Protein chains: 2
Amino acid sequence: MRANPNFQKLPAGYLFPEIGRRVRAYAAAHPDAKVIRLGIGDVTEPLAPAIIGAMHAAVDELATRETFRGYGPEQGYDFLVEAIREHDYRRRGIDVAADEIFVSDGSKCDSGNLQELFAADAVIAVTDPVYPVYVDSNVMAGRTGAPGPDGRFPGLVYLPATAENDFCPPPPETTDARGVDVVYLCSPNNPTGAVMTREQLTAWVAWARQHDALIVFDAAYEAYIQDDTLPRSIYEIPGAREVAVEMRSFSKRAGFTGVRCGFLVVPKEIRATGAGGERVSLHAMWSRRHTTKFNGASYVVQRGAAAVFTPEGLAQTGAQIAFYMENARILREGLARAGFKVYGGQHAPYIWLETPAGTTSWQFFDELLDRAHLVGTPGSGFGPQGEGYFRLSAFNSRANVDEAVARIANVFG
Amino acid sequence: MRANPNFQKLPAGYLFPEIGRRVRAYAAAHPDAKVIRLGIGDVTEPLAPAIIGAMHAAVDELATRETFRGYGPEQGYDFLVEAIREHDYRRRGIDVAADEIFVSDGSKCDSGNLQELFAADAVIAVTDPVYPVYVDSNVMAGRTGAPGPDGRFPGLVYLPATAENDFCPPPPETTDARGVDVVYLCSPNNPTGAVMTREQLTAWVAWARQHDALIVFDAAYEAYIQDDTLPRSIYEIPGAREVAVEMRSFSKRAGFTGVRCGFLVVPKEIRATGAGGERVSLHAMWSRRHTTKFNGASYVVQRGAAAVFTPEGLAQTGAQIAFYMENARILREGLARAGFKVYGGQHAPYIWLETPAGTTSWQFFDELLDRAHLVGTPGSGFGPQGEGYFRLSAFNSRANVDEAVARIANVFG
């Protein structure tokens, strides 16, 4: 069987397994060290009571013939789609049609699957650092060459996210001769914790309209935005419906990392270009992809997700987010007191810090593990521009966060 | 944005929406007709009590910080993987390693995603009639031309499944000059209800080994096999581990059509051919795909699936399958008494019947709806060789099945 040759372009070692390996080795050599993990971005609070109740009720529905549900609509049940429409969009003055919302089992899948709609030679732009799924899924699909010594894949357009541009790169001023077809933007950002302003997003929408490009807007961390004047949806920007799809997730907003639910919004106005120059509906294409290769998110999960939008669900999940954001504040301020230059953590559950001068991301990883028994994520794991940075997550108990800050003060303060 | 041009090759009208449209139109014009649906293959019995109990317990685990589970292993939790290994394989004398089992959210996804591992110009063979996802996912990936007037896609190799070969086509005797890279085999078969014998599967494995081809073995209906001498897994055939992957699903074996769980087995022995002729591990490729684009099946769902393998779960789901298979017997015998030539329904929940002479599949659909108020699936919807055939599903209440047989006797008997 002739295999897809593009998989061989991906490096064999992944970021999180390598972190796991180093932590296991350290723990084995230092069995008394109480290691605190602020690395992988996984939630720690239990599901809100409103969600638990809704999931129990849904399980009970599946227990009797009269209320049993088999195959559901691939796009998601109306009860969830309408709750999303109302709460996430209509209340903020945005009109999204029910059939423009595609419920999925999470944004990781949507991030990986969306590129199936792009031409094989479409030019993809990503920020650097970047959430790795955007890159890897396009590498697997053959839109790049093999990586160079700096880890970058020829064929991708990299947009450096640096302290100078507040980790929110502007649209490229001049375009590649071939033109960028698609750009992935994540705000609030994983890994940097940066959030795009209305002005920045407006510039991106204008650029996309001018260059007939598509914006893939990843708003998985939208619920962490603390300033209500910041845009939560790209559709708050006039003209975005013609050029942008938007991903959202219940993982971080409601603790669904192990429950699995997200959704993708694909407005009907978006037109892509077919092989013969004809204009084709991206909505029709995604609808075909979604119904052909997916059979809907689990019924029990969709009932749990819908409960997020009840008054109780909103209050309970809101309190969890406030709890994590207080963790973020404690981490941010503790790091700053210890002399670190810190970014993010104000509208996102991630702190992005500069490693001490002359220390690489991985060197700092080892130092932090050895001296403070803390685990974080080396910034270089998210791209070459992440070198010299380090990500800490606010997902943990208050006791662990307080302890982490105390250790940082001890070691570096 | 330049779009993937291959989506335009897919016909706009799909089978099941067209069925839905005709049924709605008929019901609107005949509001008193009590329509019985034996069309789409969706289960009707509620989840077994053992599964319900396990899902409630899992939901409760997510309610407290001490037992909460966030991201799980992408391949699936050990408790489920080990249950699958033991029950589905080891008890039948088959050794499958834990890390060769990839738990997913269902076989539709696995069916659609697997082709990402194949080269862009890999030659794909499918039976005709066929489960449409095998075809459509390869069309979207560009491995075919636009369909001809008979609905067939140039570039695919079609293997006619006919009454003459018991709807189990043998391997092609001579291969296309380019060679077939991959063949999709489904047994027990959707839509024909045919089941492959050990001799037939042995011939396929020998062929695949001789031609360095991959067999994608879809065993979603394995639990419906009534004769224990028939193979339930392709790995019962010596030599299959080097040439076959196997899909299984909890949808039809345990009523998970709306709950969503399945798995794919990828043995480590399988070698595919890279662009430079080198041999690459298909297991390593699928592992990379699965961990990059998927975040694991829902924890609650995995706990439910594991409960299928408890003594209570096996007894309860076994009783459901026996119930559906008794439905199949009643349908089969009722149809035969009414003069129909019927196939399948002995080791599968599907009856495949010949339409009356001179009647196309869609004409019979309309006649059955109009005269007996019964809904089935036109065989031609599964491929040109399905013309003149019709699929009825055994998933229904006993009362509806008895009533369906009575109506068939009245109208056609």
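Everything numeric here is computed off the predicted structure, so don't read it as measured data.

**Some details on the overall build of chain A**
Then comes step 1: Across its full length, chain A carries 12 helices and 15 strands.
Then comes step 2: At 22 Å, chain A has a C-alpha radius of gyration in line with the 22 Å of a compact globule built from 413 residues.
Then comes step 3: Its C-alpha atoms give chain A principal-axis dimensions of about 60 × 60 × 50 Å.
Then comes step 4: Each of the 413 residues in chain A was classed as buried or not, and the buried ones make up 63%.
Then comes step 5: Within chain A, contacts between residues at least 6 apart in sequence are counted, and of these 73% link residues at least 24 apart.
Then comes step 6: When the accessible surface of chain A is totalled, it reaches about 14300 Å², and 52% of it is carbon and sulfur.

**Notes on the pairing of strand E4 (residues 157-160) of chain A**
Residues and elements named next belong to chain A.
Then comes step 1: Here strand E3 (residues 124-128) runs beside E4; their pairing, made up of four bridges, is parallel. The residue of E4 that forms the bridge with Thr 127 is Leu 159.
Then comes step 2: Crossover handedness for the path E3 to helix H5 (residues 132-140) to E4: right-handed.

**Comments concerning the sheet that holds strand E14 (residues 377-378) of chain B**
Residue and element names in this part refer to chain B.
Then comes step 1: A sheet is described by the order of its strands in space; here four strands give the open sequence E11-E12-E15-E14, paired in antiparallel fashion. The outermost strands of the open sheet, each flanked by one partner alone, are strand E11 (342-344) and E14.
Then comes step 2: Pairing geometry for strand E12 (residues 350-354) and strand E15 (residues 389-393), over five bridges, is antiparallel. Bridge pairing in E15 links Leu 353 to Phe 390.
Then comes step 3: Packed on one face of the sheet, helix H11 (residues 361-372) meets E12, E14 and E15 and runs near 45° to E15.

**With respect to the relation of the copies chain B and chain A**
Then comes step 1: Each copy of the sequence occupies a distinct position, and chain B is placed on chain A by a rotation of 180° and an axial shift of 0.0 Å, giving an RMSD of 0.0 Å. Both chain copies can therefore be described as sitting about a two-fold axis. Closest approach to the rotation axis among the C-alpha atoms of chain B is made by His56(B), whose C-alpha sits 3.0 Å away.
Then comes step 2: Of all interface residues in chain B, 100% are interface residues in chain A too; the two copies therefore contact each other through one and the same surface.

**Considering the packing of aromatic side chains**
Residues and elements named next belong to chain A.
Then comes step 1: Overall, the coordinates contain 52 aromatic pairs over all chains when judged by the stated rule.
Then comes step 2: Here the aromatic rings of Tyr 324 and Phe 395 are separated by 4.8 Å at their centres, their planes lie at 80°, and the arrangement is edge-to-face. Residue Tyr 324 is located in helix H10 (residues 311-337), and its partner Phe 395 is located in the loop between strand E15 (389-393) and helix H12 (398-412); the two are separated by 71 residues in the primary sequence. Both residues of the pair, Tyr 324 and Phe 395, count as buried.
Then comes step 3: Summarising the aromatic geometry, the rings of Trp 352 and Tyr 389 are spaced 5.4 Å apart at their centres and angled 5° between planes, so their arrangement reads as stacked. You can see Trp 352 sitting in strand E12 (residues 350-354) and its partner Tyr 389 sitting in strand E15, a full 37 residues away along the chain.
Then comes step 4: Assessed through its relative accessible area of 12%, Tyr 389 is described here as buried.
Then comes step 5: Above the plane of the ring of Phe 412 lies Arg 371, whose end atom (NZ or CZ) is 5.5 Å from the centre.

**Re the nonpolar core**
Then comes step 1: Membership of the largest hydrophobic core comes to 218 residues, with the highest contact counts inside it found for Ile215(A), Phe250(A), Phe256(A), Ile215(B), Phe250(B) and Phe256(B).
Then comes step 2: Setting aside residues no more than four positions away along its own chain, Phe256(A) makes contact with Leu47(A), Ile51(A), Phe250(A), Ser251(A), Cys261(A), Val301(A), Gly304(A), Ala305(A) and Val308(A).
Then comes step 3: One finds Leu214(A), Trp286(A), Val216(B) and Leu282(B) within the second-largest nonpolar core, a separate group that totals 74 residues.

**Points about the sheet that holds strand E11 (residues 342-344) of chain A**
Residues and elements named next belong to chain A.
Then comes step 1: If you walk across this open sheet you meet the four strands as E11-E12-E15-E14, and the pairing is antiparallel. The two strands at the open ends of the sheet, each matched to only one other strand, are E11 and strand E14 (377-378).
Then comes step 2: The sheet strands contacting helix H11 (residues 361-372) are E12, E14 and E15, and the helix crosses E15 at an angle near 45°.

**Quick word on the interface of chain B and chain A**
Then comes step 1: Facing 79 residues of chain B, the contacting portion of chain A comprises 79 residues.
Then comes step 2: Ranking the residues of chain B by area buried against chain A places Met1(B), Arg2(B) and Arg288(B) at the top, with a combined share of 14%.
Then comes step 3: Here chain B and chain A share 41 residue pairs in polar contact (both at pLDDT 80 or more) between them.
Then comes step 4: Where the side of chain B that touches chain A is concerned, the elements lending two or more residues are helix H2 (49-61), helix H4 (107-113), helix H5 (132-140), strand E9 (271-273), helix H8 (282-293) and helix H9 (299-307) of chain B.
Then comes step 5: The element best represented in the side of chain B that touches chain A is H8(B), accounting for seven residues.
Then comes step 6: When its residues are assigned to classes, the side of chain B that touches chain A shows 38 nonpolar, 21 polar and 20 charged.

**Observations concerning the confidence of the model for chain A**
Fine structural detail should not be taken from predicted coordinates in areas where pLDDT scores are low.
Then comes step 1: Per-residue confidence for chain A averages 96 on the pLDDT scale, and 99% of its residues sit at or above 70.
Then comes step 2: Reported for the predicted complex are a pTM of 0.97 and an ipTM of 0.97.

**Describing the packing of helix H2 (residues 49-61) of chain A against H10(A)**
Residues and elements named next belong to chain A.
Then comes step 1: Where H2 contacts H10, the axes come no closer than 7 Å and their chain directions differ by 130°. By the angle class used here, H2 and H10 are oblique. Each of Pro 49, Ala 50 and Ile 51 in H2 lies in contact with H10, whose residues at this interface are Glu 312, Gly 313, Gln 316 and Thr 317.
Then comes step 2: Here the residues of the contact of H2 with H10 sort into three nonpolar, three polar and one charged.

**Quick notes on the pattern of salt bridges**
All names here are of chain B.
Then comes step 1: Scanning all chains against the criterion turns up 64 salt bridges over all chains.
Then comes step 2: Taking the shortest distance from any N to any O, the salt bridge between Glu 18 and Arg 22 comes out at 2.8 Å. Placement of the pair is Glu 18 and Arg 22 together in helix H1 (residues 15-29), with a separation of four residues, close to one helical turn.
Then comes step 3: Taking the relative accessible area as the measure of exposure, Glu 18 reaches 23% and is therefore partly exposed.
Then comes step 4: Judged by its relative accessible area of 24%, Arg 22 falls in the partly exposed class.
Then comes step 5: In this structure, Lys 293 and Glu 116 form a salt bridge, with 2.8 Å as the shortest nitrogen-oxygen distance. Within this pair, whereas Lys 293 is found in helix H8, its partner Glu 116 is found in the loop between H4 and strand E3 (124-128), the two being separated by 177 residues in sequence.

**So, the environment of Phe16(B)**
All names here are of chain B.
Then comes step 1: Mapping Phe 16 onto the fold places it in helix H1.
Then comes step 2: Separated by 23 residues in the primary sequence, Phe 16 and Gly 39 place their C-alpha atoms 8.6 Å from one another.
Then comes step 3: Ignoring anything within four residues of it in the chain, the contact list for Phe 16 reads Ile 40, Thr 377 and Arg 391.

**A word on the environment of Arg90(A)**
All names here are of chain A.
Then comes step 1: Following the sequence through the fold, Arg 90 ends up in the loop between helix H3 (78-89) and strand E2 (101-104).
Then comes step 2: With a relative accessible area of 39%, Arg 90 lands in the partly exposed category.
Then comes step 3: Spatially, the C-alpha atom of Arg 90 lies 42 Å from that of Gly 388, the residues being 298 residues apart in sequence.
Then comes step 4: Aside from chain neighbours lying at most four places away, what touches Arg 90 is Glu 82 and Arg 85.

**Quick look at the state of the cysteines**
Residue and element names in this part refer to chain B.
Then comes step 1: This structure, assessed with the given rule, holds zero disulfides over all chains.
Then comes step 2: With no disulfide partner, Cys 168 has as its closest neighbouring cysteine sulfur the one in Cys 186, 10 Å distant.
Then comes step 3: Looking at Cys 168, the relative accessible area reads 9%, which means it is buried.
Then comes step 4: Cysteine Cys 261 remains unbridged, with the sulfur of Cys 109 as its closest cysteine sulfur at 11 Å.

**With respect to unusual backbone geometry**
Then comes step 1: Of note, the amide linkage connecting Asp128(B) to Pro129(B) takes the cis form, showing an omega dihedral of 5°.
Then comes step 2: As for its position among the elements, Pro129(B) is in the loop between E3 and H5.
Then comes step 3: For the bond running from Asn190(B) to Pro191(B), omega is 20°, close enough to zero to count as cis.
Then comes step 4: Its identity as a non-glycine residue notwithstanding, Arg260(A) has a phi of 80°, on the positive side.
Then comes step 5: With respect to the helices and strands, the residue Arg260(A) is situated in the loop between helix H7 (251-254) and strand E8 (262-265).
Then comes step 6: Phi at Phe167(B) takes a positive value of approximately 60°, unusual for a residue other than glycine.

The rules behind each value
- The numbering scheme is per chain: residues are counted from 1 as the chain's sequence reads.
- Going through the entries in the order they are written, you letter the chains from A and number the ligands from 1.
- Where local features are concerned, this predicted model is filtered to residues with pLDDT of at least 70; where side-chain atom pairs are given and counted, the filter is 80 or more; whole-chain, interface and lining totals use all residues.
- No hydrogens and no water enter the side-chain calculation; it runs on all heavy atoms of the structure.
- Runs of E in the DSSP output that reach at least two residues are strands. Runs of H or I that reach at least four are helices, and both are numbered from the N terminus.
- Between the two quantities, the radius of gyration covers C-alpha atoms and the globule rule is 2.2 Å times the number of residues to the power 0.38.
- Three exposure classes are used, based on accessible area relative to the maximum for each residue type with a 1.4 Å probe and protein chains only: buried under 20%, partly exposed in between, and exposed over 50%.
- Contacts are assigned to residue pairs that have any heavy atoms within 4.5 Å of one another.
- Accessible surface is estimated by sampling points in the Shrake-Rupley manner with a 1.4 Å probe; for residues, cover comes only from the protein chains shown.
- Strand pairing is defined by DSSP finding a minimum of two bridges between the two strands.
- With the strands pointing away from the viewer, any crossover whose connection runs clockwise from the first strand over the helix to the second is right-handed.
- Only the stretch in contact is used when a helix axis is fitted, and all axes are lines through C-alpha atoms; the angle between N-to-C directions ranges over 0 to 180 degrees.
- For the least-squares superposition of copies, only C-alpha atoms count, and only for residues with pLDDT at least 70 in both.
- Within 6.5 Å between ring centres, the rings of Phe, Tyr and Trp (the latter by its six-membered ring) count as paired, and their orientation is classed by plane angle as stacked under 30 degrees, edge-to-face over 60, tilted in between.
- For a Lys NZ or an Arg CZ to count as sitting over a ring, it must be within 6 Å of the ring centre and within 35 degrees of the ring normal.
- Here, nonpolar core refers to any group of buried Ala, Val, Leu, Ile, Met, Phe, Trp, Tyr and Cys residues whose side-chain atoms link them within 4.5 Å.
- Values labelled buried area give the accessible surface lost by two parts on being combined, using a 1.4 Å probe and summing over both.
- Polar contacts, as used here, are pairs of N or O atoms within 3.5 Å; protein pairs need one atom able to donate a hydrogen and one able to accept it. Residues neighboring in sequence count only if both atoms are side-chain atoms.
- Residues were grouped as follows: Ala, Val, Leu, Ile, Met, Phe, Trp, Tyr, Cys and Pro as nonpolar; Asp, Glu, Lys and Arg as charged; and all remaining residues, including Gly, as polar.
- pLDDT: the predictor's confidence for each residue, scored from 0 to 100.
- Should an angle lie under 35 degrees it is considered roughly parallel, over 145 roughly antiparallel, and from 65 to 115 roughly perpendicular; all remaining angles are considered oblique.
- Salt-bridge detection follows one rule: a side-chain nitrogen of Lys or Arg within 4 Å of a carboxyl oxygen of Asp or Glu.
- Two cysteine sulfur atoms form a disulfide, by the criterion used here, when they sit within 2.5 Å.

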